[in-house]
Each structure stands twice: as C-alpha cells, then as structure tokens.
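Okay, here's what each chain looks like letter by letter:
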Amino acid sequence: MPTSIMSTSSSIIPHLSPPITYCSFSSSSTLRGISLSFFPRNPSLKTPLSMNKRTNLSVRSAVAIEKETPQDERPDTFLRESDGPSSSVRARFEKMIRDAQDDVCTAIEAVDGGGKFKEDVWSRAGGGGGISRVLQDGGVWEKAGVNVSVVYGMMPPEAYRAARGENAVEKPGPVPFFAAGISSVLHPKNPFAPTLHFNYRYFETDAPKDAPGAPRQWWFGGGTDLTPAYIFEEDVKHFHTVQKNACDKFDPSFYPRFKKWCDDYFFIKHRGERRGLGGIFFDDLNDYDQEMLLAFASECANSVVSAYLPIIERRKDMPFTDRHKAWQQLRRGRYVEFNLVYDRGTTFGLKTGGRIESILVSLPLTARWEYDNKPEEGSEEWKLLDACINPKEWI
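Residues numbered from 1 in each chain as written. Predicted model: local features only at pLDDT ≥ 70, side-chain atom pairs only at ≥ 80, totals over all residues. Heavy atoms only, no water.

Caption draft 1: The overall build of the protein, seen in detail. Tallying secondary structure elements over the protein gives eleven helices and 13 strands in all. In the protein, which comprises 395 residues, the proportion classed as buried is 58%. Here the protein displays about 16900 Å² of accessible surface, and carbon together with sulfur accounts for 51% of that area. (Helix = DSSP H or I, 4+ residues; strand = E, 2+ residues; numbered from the N terminus. Buried < 20%, exposed > 50% of the residue type's maximum accessible area, 1.4 Å probe, protein only. Areas by Shrake-Rupley, 256 points an atom, 1.4 Å probe, with all protein chains shown as cover.)

Caption draft 2: Layout of the pattern of salt bridges. All chains considered together, the criterion is met by 33 salt bridges. Note that E234 is salt-bridged to R315, the shortest N-O span being 3.1 Å. With E234 in helix α4 (residues 233–248) and R315 in helix α7 (residues 304–315), this pair connects stretches of sequence that are 81 residues apart. E234 gets classed as partly exposed once you look at its relative accessible area, which sits at 48%. By relative accessible area, which is 7% here, R315 ends up buried. Here E273 ties to R334 by a salt bridge, and the two come within 3.0 Å at their closest N and O atoms. Taken together, the residues E273 in strand β12 (residues 273–274) and R334 in helix α8 (residues 322–341) connect sequence positions 61 residues apart. This pair shows no difference in class: E273 is buried, exactly as R334 is. Taken together, the shared-partner salt bridges connect R74, D102, E119 and R133 into one network. (Salt bridge = Lys/Arg side-chain N within 4 Å of Asp/Glu carboxyl O.)

Caption draft 3: Representation of the packing of aromatic side chains in the model. Applying the stated criterion across every chain yields a total of 27 aromatic pairs. Between Y202 and F220 the ring centres are 4.7 Å apart and the planes differ by 45 degrees, which places this aromatic pair in the tilted class. With a gap of 18 residues between them, Y202 in strand β9 (residues 195–205) and F220 in strand β10 (residues 218–227) connect regions that are remote in the sequence. Residue Y202 shares its accessibility class with F220, and that shared class is buried. Here the guanidinium or amino end of R80 rests over the ring plane of Y152, the centre of that ring lying 3.9 Å away. (Phe/Tyr/Trp six-rings, centres within 6.5 Å; stacked < 30°, edge-to-face > 60°. Lys NZ or Arg CZ within 6 Å of the ring centre and 35° of its normal.)

Caption draft 4: Expanded view of the packing of helix α2 (residues 89–112) against helix α6 (residues 290–302). Axis separation between α2 and α6 bottoms out at 10 Å; the angle between their running directions is 5 degrees. The orientation of α2 with respect to α6, classified from their angle, is roughly parallel. Of the residues in α6, those touching α2 at V89, R92, F93, M96 and A100 are Q290, E291, L294, A297, S298 and A301. Split by residue class, the contact of α2 with α6 holds seven nonpolar, two polar and two charged. (Axes fitted to C-alpha atoms, helices over the stretch in contact; angles between N-to-C directions. Parallel < 35°, antiparallel > 145°, perpendicular 65-115°, else oblique. Contact = heavy atoms within 4.5 Å. Nonpolar A, V, L, I, M, F, W, Y, C, P; charged D, E, K, R; others polar.)

Caption draft 5: Region of the structure containing α6. An ideal rise of 1.5 Å per residue puts 18 Å on 13 residues; α6 measures up with 18 Å between its terminal C-alpha atoms. Listing the buried residues of α6 in full gives M292, L293, L294, F296, A297, S298, C300 and A301. Regarding α6, its N-cap is D289, as a side-chain oxygen of that residue lies 3.0 Å from the backbone nitrogen of E291 further along. (Expected span 1.5 Å × (residues − 1). Polar contact = N/O pair within 3.5 Å; in protein donor to acceptor, adjacent residues only side chain to side chain.)

Caption draft 6: A look at empty space enclosed by the protein. Approximately 90 Å³ is the volume found for the largest cavity. Looking at the lining of the largest cavity, the element that brings in the most residues is α8, giving four residues. (1 Å grid on protein atoms, 1.4 Å probe; cavity = no way out; pocket = protein on both sides within 12 Å on 5 of 7 lines; lining within 4 Å. Points joined across faces, edges and corners; volume = space filled by probe spheres on them.)

Caption draft 7: Looking closely at the environment of I268. Summarising the element assignment, I268 is placed in strand β11 (residues 267–268). Sequence separation of I268 and R334 is 66 residues, and the distance between their C-alpha atoms is 7.9 Å. For I268, the residues in contact, after removing those within four places along its chain, are E273, R274, R275, R334, E337, F338 and Y342.

Caption draft 8: Representation of the environment of H324. Mapped onto the elements, H324 comes out in helix α8. Excluding its chain neighbours within four sequence positions, the residues that come into contact with H324 are P191, F192, Y230 and E381.

Caption draft 9: Representation of the pairing of β10 in the model. The element β10 is extensively covered by neighbouring structure, given that ten of its ten residues are classed as buried. Relative to strand β13 (residues 279–285), β10 runs antiparallel, the two being bridged by five bridges. When the bridges of β13 are listed, T224 appears paired with I280. (Pairing = 2+ DSSP bridges.)

Caption draft 10: Focus on the side chain of D251. Along the chain, D251 turns up in the loop between α4 and α5 (254–265). Engagement of the side chain of D251 in a polar contact is seen with the side chain of S253, the distance being 2.7 Å.

Caption draft 11: Main features of helix α9 (residues 344–351). Within α9, six of the eight residues are buried, which leaves the element mostly enclosed by the surrounding structure. All buried positions along α9 are accounted for by R344, G345, T346, T347, F348 and G349. Looking at where α9 begins, the residue whose side-chain oxygen comes 2.9 Å from the main-chain nitrogen of T346 is D343.

Caption draft 12: Structural view of a nonpolar patch on the surface. Nonpolar side chains collect at one region of the surface, where L340, V341, L350 and I356 lie side by side and expose about 310 Å² of accessible area between them. By the secondary structure assignment, L350 is in helix α9. The class for L350 is partly exposed, based on a relative accessible area of 36%. (Patch = residues over 30% accessible without salt bridge, like charges linked within 9 Å, V, L, I, M, F, W, Y side chains within 5 Å.)

Caption draft 13: Broad picture of the nonpolar core. Counting residues in hydrophobic clusters, the biggest one holds 59 residues, and the most contacted among them are F93, I108, W141 and F220. Examining the composition of this core, we find that eleven residues originate from one element, α2, more than from any other. Residues contacting W141, with those up to four places away along its chain left out, are I108, V111, D112, L135, L186, H187, P188, K189, Y308, L309 and I312. By size, the runner-up hydrophobic cluster in this structure holds twelve residues, among which are A229, I231, L277 and L330. (Core = buried A, V, L, I, M, F, W, Y, C linked by side-chain atoms within 4.5 Å.)

Have a look at this one:
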C-alpha cells in the first residue's frame, strides 16, 4: 500500500524510509537482516549519478525490527515511555492516526449497514505495535481495511546517507528510527462505486549515543487517491476539490504539485497506464515548518470521509449488469498488479517477513484477467482507460 501500503508491521517502512529498489533478507525467529540498494532520493542536475543505471550503493543492516506479538486489548499508546510528553510530534501524530482510524471505521460501518470491522492488535517488546481492522463481504464493501502502526527499528548510517545524498563522514553503528502511519484501502461491491486508498505517515531518525554526528532527520508522507471502474465527472471533481481545499489551506502550490506526483507514482509501467484517477501523493516532506506539516497531514487524513462517502452514497445502490461487474473485476486486476509489482510498501513487506495479513489487506477479494481485453472506443470502459493513460485536470 503506499502505499500505497498498509501501514502495519515492517510494511510502512519503505514509504517512510528511503526508496528501495532491491531487498533481500535472511531471518531468524525475531530479527531480519536486510540488504538494500537505493536510487538517489531527490535526483536533480546536481546528482552525480547516471539515472539510467541503478545506484551501486549497497548496505547491510545488522539490526532490523522485532517480531510482533498479538494483544487482546488496545493500549493507550504504542510509544515508548522515553519518547517524551504527549505534546511531542510523535505522540500527536499517533493520536491523529488512531482518531482517524476510529472516524473512518465508524463512518464505513454506518454506510455499510451491517458489516463490522474485525480488529487485530499487535505489539513488539521493544516498543511499537499496531491495530489492523478489516470489514469483509459487507453490505456495501467487498473488503475494507484501515490499519495503523508505530514502528521502531535500526537503519545503517551509510544507508541513510546513500538515500539522502548526505556527504557527512560516516560514523559506526546503526541509526535508530521511528515510523508511524495509517493506511487504508476500501473496495466497494458496486462497480459504479470507486475504490479509495489513503495513507499518511511520519518518520524520524535519531543519533545513537555511540555515533555522534549520525544523521538526525524527520519527514512526512502520504496521500489519498481514487480508483473508479466508471467515470462520473461530478464524483471525480468532488473528490479532487476536497483534496485541493485541504492543500490550499497550507500552500496553493501543494495541490498541483502533489496531484502530478500522484499521477506519476501510481503508474503501472508494464501496462502504460495509471491505476486510477489520482488524487494527491507526497513523500519526504520536511522543507516546511514541522508543525505546519503535522497540521497538513492531519487535515488530509480528516478530509477522507467528506471526500469519499458522498460518492459512495450516490453509487452504492445503482443497478448494474454482468458486463459492468466484469469490467470492475478487470480494473481490480490492475490494482493487484500495481500493489504486488510496484508498491514499495507491499513489496518491502513481502521480502522482509512483515505481518502478511496486514500487508495483503489492500488486495480485493476478487479480481479478473482476460487475454487481450480492449474496450470499444468511445464506450464508458474506454473512457476510463483513456483517463488512466492520459491524466486529466479535473478541477
């Protein structure tokens, strides 16, 4: 997810940590050793590397993430006691994502009219944990997942520098990191009702005592995007208007910048098309005031219900045919392809032994692949495919 990912277990790390192009691992009962290779994080004309080749910077982590343990009850916080007061950014971000999880799940259940979320709680001995909630085969939603997680782990300093383009002298020892996030994918039954994905995350590194000078950094990432099988322009315009309004409260450049980023990120390279009709997406955001970005991420997360549920209310009971359902299943196949092949969160989680049920909760219950399916030009199906190939400005 990140994904579009489901922000649980180790699966939130690739969105919160440097972009990963390759990962192999060996595992013991509690720890994973991870080998990573990186592209430059924010390439520019100043980047002294050929962008036609993968960067030859490989690092090995001697320490990774502890194995999770199921819990019977939700704790008040997954933070370590040493993280400081409830006024810290870590504490306020965790509260925000947990409140957002409650709000979205309550709204989903109310509209669904019968389905209820199944909840799994897990933690780790050294701190951190998460809450996975899934509603499956309900009245409106085929599958709806809303997950939150808090993760503590270690990152080699050279990995951090390779990804961030830092030129500081390397110091020995791993760099502790903190990551927290919420991630959700909502797949409705009706082919005229769109799928929604959103995730918002926060990442920090800290300097270990034995490694003075190791990098200290923080950044935010996230986004919300819409994936319909059929285009209703009033729906898409409403969705993008809500995203723009949230962005404009903080910086008028955010919406056009993050909309393009979203269109570029959710691109299925082997198909030559986008997964859906976009929204906003951003990563590695730390070039603004930290308090402002915390408020921005909160505003975006809190706008999910108003952006999405009015569309569901309009479409959930519309009559449809077998042809409409078959096209929805084909588009669900595209969703699966992107998540399993390109989504950094999903692929990283699969390769590093993350909590598999949380990682794959983004996938729909059903999908379909047909050989050489080509919609008739001018049909409603063709219009959707055309918009996925040629992104539009909706507002």
